[in-house]
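Coordinate inspection notes
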Amino acid sequence: MLKFPAGLLAAVMASIGGFAILNGCTRPDTEIGIDYASDDLLGLSQTDTLTLRCRTVREDSLLTDNMSTAVLGRMYHPSFGYHTAGFVSQFRLNAPDIDFGSNPVIDSIYVSLRYTGDTYGALSPQYVQVYELEDSLSSDSAYYSNRQFAYFPEDLANPAFQPIPLNPRQSLFLGNDTVSPEVRVYLHETFGQRLLDAGEAVHGSNDSWTDYFKGLYIAVDPNGGGEGAVGIDLISGLCNMRLHYHNDVDTLFYDYRITNLSATTNLFSHAWQGEFQALSESFMEEVNSAHLGVFSGAGLKTRISFPHLAAWNDSIGPSRAIHKAELWLPVTAAHNTSNYAIPNQLFILTENAEGQPIATPDQNSIGLNINGAFDAEEQAYRFNISQTMQRMLNGELESDFLHVVSSRAGISLQGVVIEGPAPNPMDTTDLAPHARLVVTWSD
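Residues numbered from 1 in each chain as written. Predicted model: local features only at pLDDT ≥ 70, side-chain atom pairs only at ≥ 80, totals over all residues. Heavy atoms only, no water.

Brief notes about helix α2 (residues 189-196)
Condition: For every residue, the accessible area obtained with a 1.4 Å probe (protein chains only) is divided by the maximum for its type, and the residue is called buried under 20%, exposed over 50%, and partly exposed between those limits. Elements are defined by DSSP. Helices are runs of H or I of four residues or more, strands are runs of E of two residues or more, and each kind is numbered from the N terminus. A contact between two residues is defined here by any heavy atoms of the two lying within 4.5 Å.
Within α2 the residues assigned to the buried category are F191, G192, Q193, L195 and L196. Considering only its buried residues, α2 is in contact with β6 (105-113), β8 (128-132), α3 (206-212), β14 (239-246) and β15 (251-258).

Some remarks on the confidence of the model for the protein chain
Note the following rule: The pLDDT score gives, residue by residue, the confidence of the prediction method on a 0 to 100 scale.
For the protein chain, the mean per-residue pLDDT works out to 87, and 88% of the residues sit at or above 70. Note that pLDDT drops below 50 for residues 1-39; the model gives that stretch 70 contacts with residues more than four away or on any other chain.

A closer look at the pairing of strand β27 (residues 436-442)
The criterion, for reference: We call two strands paired when DSSP finds no fewer than two bridges between them.
In terms of residue burial, β27 counts as a mostly covered element, since six of its seven residues are buried. Pairing of strand β1 (residues 44-47) with β27, which is carried by four bridges, proceeds in the antiparallel orientation. Its bridge partner lying in β27, T47 is registered against V439. In the sheet, strand β20 (residues 321-330) pairs with β27 via seven bridges, with the strands oriented antiparallel. Counterpart to L327 in the pairing with β27 is L437.

Focus on the sheet that holds β15
The condition that has to hold: For helices, the fitted line uses only the C-alpha atoms of the stretch in contact; every axis is such a line through C-alpha atoms, and the angle between N-to-C directions lies from 0 to 180 degrees.
Pairing within the open sheet is antiparallel, and its five strands lie in the order β5-β15-β14-β6-β11. Bordering the open sheet on either side are β5 (92-93) and β11 (183-186), each of which pairs with just one other strand. The pairing of β14 with β15 spans eight bridges and is classified as antiparallel. Bridge assignment links M241 to a residue of β15, and that residue is Y256. Against the sheet, α2 contacts β6, β14 and β15, and its axis sits at roughly 105° relative to β6.

Observations concerning the environment of M389
Along the polypeptide, M389 turns up in helix α5 (residues 386-393). Considered as a pair, M389 and I322 are 67 residues apart in the sequence and their alpha carbons are 7.5 Å apart. Look past the residues within four positions of M389 in its chain and what remains in contact with it is F306, L309, A325 and L437.

Focus on the pattern of salt bridges
Put simply, the rule reads: Salt-bridge detection follows one rule: a side-chain nitrogen of Lys or Arg within 4 Å of a carboxyl oxygen of Asp or Glu.
With the rule as written, the count across this model stands at 11 salt bridges. A salt bridge links R55 to E286, with the shortest nitrogen-to-oxygen separation between them at 3.8 Å. On the criterion of sequence distance, the pair formed by R55 in strand β2 (residues 53-58) and E286 in strand β17 (residues 286-287) is long-range, its members being 231 residues apart. E286 matches R55 in its accessibility class, with the two residues each being buried.

Some thoughts on the nonpolar core
Where we set the bar: Put simply, a nonpolar core is a bunch of buried Ala, Val, Leu, Ile, Met, Phe, Trp, Tyr and Cys residues held in one set by side-chain atoms that sit within 4.5 Å of each other.
Formed by 40 residues in total, the largest nonpolar core has its most connected members in I218, M241 and Y256. When near neighbours in sequence (up to four residues on either side) are disregarded, M241 contacts F91, I109, Y110, V111, L187, F191, L195, F213, L216, Y254, D255 and Y256. Counting residues in hydrophobic clusters, the runner-up holds 32 residues, among them F306, L327, L393 and W441.

Quick look at the environment of D443
By the secondary structure assignment, D443 is in the segment after β27. Separated by 126 residues in the primary sequence, D443 and G317 have C-alpha atoms spaced 7.1 Å apart.

Comments concerning the packing of aromatic side chains
Any two aromatic rings considered together are summarised by their centre-to-centre distance and by the angle between their planes. The test is simple: Each pair of aromatic rings taken from Phe, Tyr and Trp, with Trp reduced to its six-membered ring, is defined by centres within 6.5 Å and is described as stacked if the planes are under 30 degrees apart, edge-to-face if over 60, and tilted in the remaining cases. To sit over a ring, a charge needs its Lys NZ or Arg CZ within 6 Å of the ring centre and within 35 degrees of the ring normal.
Applying the stated rule across the entire model yields 20 aromatic pairs. Among the aromatic residues, ring-to-ring pairing joins F100, F191, W209, Y212, F213, Y245, Y254 and Y256 into one connected group. The ring of F149 has R147 sitting right over it, with the charged end atom 4.8 Å from the ring centre. Stacked on the ring of Y110, the Lys or Arg R184 has its end atom at 4.1 Å from the ring centre.

Considering the sheet that holds β20
In space, the five strands of this open sheet follow the order β1-β27-β20-β24-β23, with antiparallel pairing throughout. What marks the edges here is a single partner per strand, and that holds for β1 and β23 (371-375). Pairs of neighbouring strands in the sheet enclose a mean axial angle of 15°, with direction left out of account. Strand contacts of α5: β20, β24 (380-384) and β27, with the helix running at about 115° to β20, the strand carrying the most contacts.

See the structure below:
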């Protein structure tokens, strides 16, 4: 597939900067690499001028089945645009062989979802939609974040109780009762009556029940107004569909639960804006702009390669040994605000010959601190890729690409804007933040 990179000016600037790499070697003047070096520091050299070719790449999809957390809502991020999250799930019997008694009649039915406490963006009430699945779910199957599940067209959510607060710090007031924060979605009573009338055979076992009732697709109306997204706890056993009813003898309730045995899948969609807007077009796979983007929810990743690495390797000779290689990805204050918290940590992956992401040699090394956490003092993410760089120079890796991805890619909506490898031309200081690789080696 042809790729149409955006940001021609940034690409030209990066290309011009690439010709300086062969003259960028200096003796080390920082402590980077000291813990990997010998006592003879005079035998070490260091450079931070190797050319980085960086692109922001759209993730096509992500494996998101059977996660511990779901995300629900539609949030706006000023640097990235609009992001929508929902999920599908089975609901299992709280107890099999339930007998609803003589002449059971529905009183109410609602879905109750437990918060994790995670929030994304500004929070306000939204219209939550609930659909019954036509597709069966299996906990043994692999499901991806862009999967389109078949569901019946009727929205089961009762509009009389909409919009619904999505806020883990806001209690619910139901009549004279105060309920601890939860997402409570009341459903049509006709649907509840259908479940009561399904009979003892359907409720005899979870196999017969899930064959009759496949599960629910829960999302928000993208055109309904409101903003923000919240985390939903899928494994505590506290998410359920509660059916209140009465029969000829008593008034009762029954729960259908989401448990750790329920098949679930998180679903995400994105409408990119700003520097990354071109990625909303289906034919665009990557952009080349002044900044780099990483966004969770099967959103964006940053791909890095080193186009002049072979020439630099030839210049330092075959006996060289890499003592430390540290990738710095700085974040400026303008792109790190309390309203839109950046990820605490990012991960680095490489890829195999088929282009599939795999762990780096550093990740596979026991006891090696790879880092990747955000350094608040340096305002940067830092990654130890020493073994990866050594094996890359030796020609032992299947690919020379690195991928920077979110640490909570399938269970959150968080993003970070990273400074690209070309220093901001408006910043005339000697310390203009920019993505760089600092390599310490001995001849």
